[in-house]
Amino acid sequence: MGKVAIIGSGLVGATSAFTLAASSSITEIVLIDINKNKALGDALDISHGIPLMKPVDVYAGDYSDAKGADIIIITAGASQKPGESRLDLVKKNTEIFKGMLPKLLSANDEAVYLIVTNPVDILTYITYKISDLPWGRVLGSGTVLDSSRFRYLLSKHCNIDPRNIHGYIIGEHGDSELAAWSLTNIAGISFQEYCSSICNKNCKPHFKEDVVQDVRNAAYKIIEKKGATYYAVAMAVKRIVEAITRDERSILTVSSPLNGLYGIWDVALSFPSIVGKNGVENILELPLSQEEKKSFQNSAEIMANVIKELRI
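Predicted, not measured: the structure shown is a model, and the values here were computed from it.

Moving on, we come to the UniProt feature "binding site: beta-D-fructose 1,6-bisphosphate" (unreviewed entry) in the chain. Residues annotated in UniProt with the feature "binding site: beta-D-fructose 1,6-bisphosphate" (unreviewed entry) correspond here to Arg 151 and His 166. Taken together, the annotated residues stretch across 16 residues yet fold into one region, lying no more than 7.2 Å apart by C-alpha. Relative to the assigned elements, Arg 151 resides in helix α5 (residues 144–158). Here Arg 151 falls in the partly exposed class, since its relative accessible area comes to 26%.

Our next topic: the pattern of salt bridges. Tallied over the full model, the rule gives ten salt bridges. A salt bridge links Glu 248 to Arg 239; the nearest nitrogen and oxygen atoms lie 2.8 Å apart. Residue classification places Glu 248 among the partly exposed positions, given a relative accessible area of 29%. Beyond isolated ion pairs, a larger network of salt bridges with shared partners links Arg 239, Arg 246 and Glu 248.

Either a parallel or an antiparallel arrangement is found when strands of a sheet pair, and the pairing is made through backbone hydrogen bonds. One open sheet accounts for three strands, arranged β7-β10-β11; its pairing is antiparallel. This sheet does not close on itself; its edge strands, each paired only once, are β7 (165–166) and β11 (189–190). Across two bridges, β7 lies against strand β10 (residues 185–186) in antiparallel orientation. Bridging across to β10, Ile 165 finds its partner in Ile 186.

Here we take up the nonpolar core. Counting residues in each nonpolar core, the largest one holds 80 residues, and the members touching the most others are Ile 72, Ile 73, Ile 74, Tyr 113 and Phe 296. Broken down by element, this core gets its largest block of residues, seven residues, from helix α8 (residues 231–245). Counting only domains with at least three residues in this core, you end up with domain 1 (3–140) and domain 2 (143–310). When residues no more than four places from it in sequence are discounted, the contact partners of Ile 74 are Ile 7, Phe 97, Met 100, Leu 101, Leu 104, Tyr 113, Leu 114, Ile 115, Val 116 and Thr 117. With 16 residues, the next largest nonpolar core counts Phe 150, Ala 179, Ile 186 and Val 215 among its residues.

Moving on: the sheet that holds strand β16 (residues 279–283). Pairing is antiparallel across the open sheet formed by three strands, whose spatial order is β12-β15-β16. Among the strands making up the open sheet, the edge pair consists of β12 (250–252) and β16. Strand-to-strand, the axes of this sheet are offset by a mean angle of 40°, without reference to chain direction. With four bridges connecting them, strand β15 (residues 273–276) and β16 associate as antiparallel partners. If you follow Val 275 over to β16, its bridge partner there is Val 280. Along the sheet, α8 contacts β12 and β15; its crossing angle with β12, the most-contacted strand, is approximately 145°.

Our next topic: the packing of helix α1 (residues 11–23) against α8. At a closest axis distance of 8 Å, the pairing of α1 and α8 adopts a crossing angle of 50°. In terms of orientation, α1 and α8 fall into the oblique class. Considering the relative orientation of α1 and α8, their crossing is right-handed. In contact with Val 12, Thr 15, Ser 16, Thr 19, Leu 20 and Ser 23 of α1, α8 contributes Tyr 231, Val 233, Ala 234, Met 235, Val 237, Lys 238, Val 241 and Glu 242.

Further remarks concern the domain arrangement of the chain. Its domain assignment divides the chain into domain 1 (3–140) and domain 2 (143–310). A separation of 23 Å is found between the C-alpha centroids of domain 1 and domain 2. Contacts between domain 1 and domain 2 engage 40 residues on the former and 47 residues on the latter. For the pair domain 1 and domain 2, the summed buried surface comes to about 3500 Å²; carbon and sulfur atoms form 72% of the total. Across the pair Asp 266 and Lys 129 runs a salt bridge whose closest N-O atoms are separated by 3.4 Å. Viewed at the interface, domain 2 and domain 1 are joined by seven residue pairs in polar contact (both at pLDDT 80 or more). Broken down by secondary-structure element, the contributors of at least two residues to the side of domain 1 that touches domain 2 are α1, β4 (71–74), α3 (90–107), β5 (112–115), α4 (120–131) and β6 (138–140). Element by element, the count of residues in the side of domain 1 that touches domain 2 is highest for α4, at eight residues.

Right, let's get into the packing of aromatic side chains. A full pass over the atoms with the stated rule returns seven aromatic pairs. On the numbers, 5.6 Å between centres and 45° between planes, the contact of Trp 181 with Phe 191 is tilted. A residue pair is termed long-range when its members are at least 10 positions apart, and Trp 181 in the loop between β9 (178–179) and β10 and Phe 191 in helix α6 (residues 191–199) qualify at ten residues. Pairing Phe 191 with Phe 207 gives two aromatic rings, centres 6.2 Å apart and planes at 15°, and the pair type is stacked. Here Phe 191 is found in helix α6, whereas its partner Phe 207 is found in helix α7 (residues 205–226), with 16 residues between them in sequence. The same class applies to Phe 191 and to Phe 207, which are both buried. Here the aromatic residues Phe 150, Trp 181, Phe 191 and Phe 207 are joined through ring pairs into a cluster of three or more. One residue, Lys 226, lies across the ring of Tyr 230, its end atom 4.0 Å from the ring centre.

Rules and cut-offs
- Residues numbered from 1 in each chain as written.
- Predicted model: local features only at pLDDT ≥ 70, side-chain atom pairs only at ≥ 80, totals over all residues.
- Heavy atoms only, no water.
- UniProt positions renumbered as here; feature names shortened; annotations may be inferred.
- Helix = DSSP H or I, 4+ residues; strand = E, 2+ residues; numbered from the N terminus.
- Buried < 20%, exposed > 50% of the residue type's maximum accessible area, 1.4 Å probe, protein only.
- Salt bridge = Lys/Arg side-chain N within 4 Å of Asp/Glu carboxyl O.
- Pairing = 2+ DSSP bridges.
- Core = buried A, V, L, I, M, F, W, Y, C linked by side-chain atoms within 4.5 Å.
- Domains from an automatic or database assignment.
- Contact = heavy atoms within 4.5 Å.
- Axes fitted to C-alpha atoms, helices over the stretch in contact; angles between N-to-C directions.
- Parallel < 35°, antiparallel > 145°, perpendicular 65-115°, else oblique.
- Left-handed = near helix turned anticlockwise from the far one by under 90°.
- Buried area = accessible area lost by both parts, 1.4 Å probe.
- Polar contact = N/O pair within 3.5 Å; in protein donor to acceptor, adjacent residues only side chain to side chain.
- Phe/Tyr/Trp six-rings, centres within 6.5 Å; stacked < 30°, edge-to-face > 60°.
- Lys NZ or Arg CZ within 6 Å of the ring centre and 35° of its normal.

Quick look at the structure:
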């Protein structure tokens, strides 16, 4: 596996292309955008750095150039503006996807489709329904970034390498997401125990909610300050792409359609899943607390209500 098509050469798409090129995990990247000059400019800009990295072919193209791609990454769509929630984008981007997907599928219906555009859970579900692709071959970037933000905040609090913190943000990539605190651990020690006996920091009852709120509000703060988020998003895209191209069977909190998890059907949400060459191989049914399970089901209900309004 070596070819990736990125649909949308905006800030997220272009940064993802650069990050993938620099990662040396991909041999061919095509950037496709309605603004062909923007895609061409980004492709040239990245290409001029190729002599300083391992070989990769980066170029601009159109929908037909998605043929032969192993992974199609969709970042195209209206972007989130200051004061706007991810769900506020749903109708605009649903229409964009309805017009775009048939063209993409006519060029390539064998790739893994990775959705990054917000609201990612809704658009992952829409892509799955419209494309009629096999389950698992359509997934969203979900809460991979949110989980990274979560681990980063805990690492700063406990002064521990974030790579040694195991924890997940699950549910919607948005305001109803939640932390699976019952599963969060450091070196196999529950976070609650580690924080109280080893960390020696004040983990008061409100600490957990403050952390989750910081994760939920992270994108809003960044958008308010500089207009968009794209660096860490691109890193999340790279991580998912690597798991697919290397058939790693890594456990990532990607978004995918649920088929009965905790009694939830016909919505896409993020949950720890095995990701390999075919996309999502399996969703792990982990032992959440009753409170967490209820919050996860509430997140699903919010997504289901949005989907009903769209009348797909």
